[in-house]
Amino acid sequence: MPRPGQVKSSSGDRLSDRIALGVLTRVFPPELVDEVIEQCGRVEQRRRLLPARVVVYFVLAMCLFSGQGYEEVARLLTQGLERARQWEGSWRVPCTAAIGRARLRLGPEPLRELFARVCRPVAAGETAGAWYRGLRLVAVDGTTFDLPDTEANAGFFGRPGSGRGQGRGAWPQARVAVLAECGTHAVFAAATSPLATSEQSLVPRLLPALEPGMLLLADRGVTGFELWRNASATGADLLWRVRRNVVLPVLTPLGDGSCLSEIVARDDRCRRACPIRVRVIEYTLADGPDATVYRLITTLLDPKAAPAAELAALYAQRWEIETTLDEIKTHQGGPGLVLRSRHPAGVEQEIHGILLVHHALRDLMHHAARDEGCDPDRLSFTRTLRVVRRHVTGQAALSPLPTHPRPRRRPA
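Asker: I would appreciate a short explanation of the side chain of Gln349 in the present structure.
Answerer: In this fold, Gln349 is placed in helix α12 (residues 344-372). A polar side-chain atom of Gln349 sits 2.9 Å from the main-chain carbonyl oxygen of Gly107.

Next up, the structure:
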């Protein structure tokens, strides 16, 4: 009989039947992964060493162990079982080329669909720092990822300009826009595009994730009448910073120092036939030559329900999404992060894998914070990342070969 805690193998076991990667499996259970694979038409017609389910988990592990090579990631996932003697026989780790081909077969669609199904705001009603007067605080922002310098990536994504050398950046770059929950840093919507696509052009692809009961914070890079109208049409409330050159006529001064105004489309500036009513809050941070003037516009028109001083202080929560992007790129990905995918489809697959892993980590941190009754911001993302990396290698249950019971020795 097997010892307590030892897994008894059967001759019919497959690699895809033995996956257990700690927090990754808890957030992305095998049944859901299989369902997504089937929906995306990636079910294998023949038995492979790297079936689709395994490749999905490999991509997630690859994005957790940033900086490790393909073959090393595979070893990290199997060393836990090897120590526990949970399979017998030897497994030849697939070479880098074989793993790369398996990723290309899988494509970005299963990771994109898995993100759409799993990644949601996670804050509960009692989560500290996640709410303002019953409204869930969320923010929008964008960033870029450096990509391997291949002809395919450069042709599809493009390069940034440079003032030196040949006038172009060293790496192709992909642009990414995300929506994140301020209180938990959970990313719940994302869109990728070539570098030439502006951040403002990406944001409309995120709007379906908004809903009534949310308050969306945005910086000056996200602006425009059409975008404001479409975002407010989701039922979410808005609190956006606008540039100082935006014309905002004072229609009604309010007792808290704010005022009611209106915005119009660019081609309606003269007639102002279809204005949208907004509330303007203006304030200054610091004194002297370093003073910064902030102008906010919001859909929260009632100063009693949302005083100007509270909204001015609340806008600082927008920086939580900057911290979220730093977690993803600097800590999870590592300083000087360059993605490893050499083809555009792999780039999108990898970006969604990175976001899925970050969501799993932040979901774990939120549960831990709830158990301790503290603010999720009080927990260290870097320490959580280290703990999860250690536990994944210890909890790995990748059976890399069909297992066979050892023949029993006959008594002498």
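The structure having been displayed, the exposition proceeds.
Asker: In this structure, what is going on with the nonpolar core? I would like to understand it.
Answerer: Within soluble globular proteins, side chains that are nonpolar tend to cluster in buried spots. Counting 82 residues, the largest nonpolar core has Phe28 and Leu215 as its most contacted members. Per-element accounting of this core gives the leading share, 12 residues, to helix α3 (residues 52-64). Setting aside residues no more than four positions away along its own chain, Phe28 makes contact with Val33, Tyr57, Leu60, Leu114, Val118, Leu356 and Ala360. Of all hydrophobic cores here, the second largest spans 32 residues; its members include Val140, Phe188, Leu207 and Trp228.

Asker: Where do I start with the environment of Asp149 in this structure?
Answerer: Residue placement: Asp149 occurs in the loop between β2 (135-146) and α7 (151-157). It is 9.9 Å that separates the C-alpha atoms of Asp149 and Ser341, two residues lying 192 residues apart in sequence. Excluding anything up to four places from it in sequence, Asp149 contacts Arg159, Ala170, Trp171 and Pro172. Of the polar contacts made by the side chain of Asp149, one reaches the side chain of Arg159; its length is 2.4 Å.

Asker: How should I be thinking about the packing of aromatic side chains in this particular structure?
Answerer: Two descriptors summarise a pair of aromatic rings, namely the distance from one centre to the other and the angle between the planes of the rings. Throughout the structure, instances matching the rule amount to five aromatic pairs. Ring centres 4.8 Å apart and planes at 80° place the aromatic pair Phe156 and Phe157 in the edge-to-face group. Since its relative accessible area comes to 46%, Phe156 is described here as partly exposed. Measuring from ring centre to ring centre gives 5.4 Å for Tyr283 and Tyr294, while their planes differ by 10°; the resulting arrangement is stacked. With Tyr283 in strand β9 (residues 276-285) and Tyr294 in strand β10 (residues 292-298), this pair connects stretches of sequence that are 11 residues apart. Using a relative accessible area of 16% as the deciding quantity, one classes Tyr283 as buried. An aromatic cluster is defined as three or more aromatic residues linked by ring pairs; in this entry it consists of Tyr283, Tyr294 and Tyr315.

Asker: Please clarify how the packing of α3 against helix α5 (residues 96-106) should be interpreted in this entry.
Answerer: How two helices pack is summed up by the angle between their axes together with the distance between the axes. It is at 10 Å that the axes of α3 and α5 come closest, and there the two elements cross at 110°. When the axis of α3 is compared with that of α5, the two are roughly perpendicular. On α5, the residues touching Ala52, Val55, Val56, Phe58, Val59 and Met62 of α3 are Ile99, Ala102, Arg103 and Leu106. Within the contact of α3 with α5, the residues separate by chemical class into nine nonpolar, no polar and one charged.

Asker: When you look at the pairing of strand β6 (residues 237-241) in this model, what are you seeing that I'm missing?
Answerer: Where burial is concerned, most of β6 is hidden: five out of the five residues are buried. Burial along β6 is two-sided: the face carrying Asp237, Leu239 and Arg241 and the face carrying Leu238 and Trp240 are both buried. As defined by bridge partners, strand β5 (residues 214-218) adjoins β6 across four bridges and the pair is classed as parallel. Following the sheet pairing, Leu215 is matched in β6 by Asp237. Following the backbone out of β5, through helix α9 (residues 225-232) and into the adjacent parallel β6, one traces a crossover that is right-handed. When β6 meets β10, the two strands line up antiparallel, connected through three bridges. By the bridge assignment for β10, Leu239 is matched with Thr298.

Conventions and cut-offs
- Residues numbered from 1 in each chain as written.
- Predicted model: local features only at pLDDT ≥ 70, side-chain atom pairs only at ≥ 80, totals over all residues.
- Heavy atoms only, no water.
- Helix = DSSP H or I, 4+ residues; strand = E, 2+ residues; numbered from the N terminus.
- Polar contact = N/O pair within 3.5 Å; in protein donor to acceptor, adjacent residues only side chain to side chain.
- Core = buried A, V, L, I, M, F, W, Y, C linked by side-chain atoms within 4.5 Å.
- Buried < 20%, exposed > 50% of the residue type's maximum accessible area, 1.4 Å probe, protein only.
- Contact = heavy atoms within 4.5 Å.
- Phe/Tyr/Trp six-rings, centres within 6.5 Å; stacked < 30°, edge-to-face > 60°.
- Axes fitted to C-alpha atoms, helices over the stretch in contact; angles between N-to-C directions.
- Parallel < 35°, antiparallel > 145°, perpendicular 65-115°, else oblique.
- Nonpolar A, V, L, I, M, F, W, Y, C, P; charged D, E, K, R; others polar.
- Pairing = 2+ DSSP bridges.
- Right-handed = clockwise from strand over helix to strand, strands pointing away.

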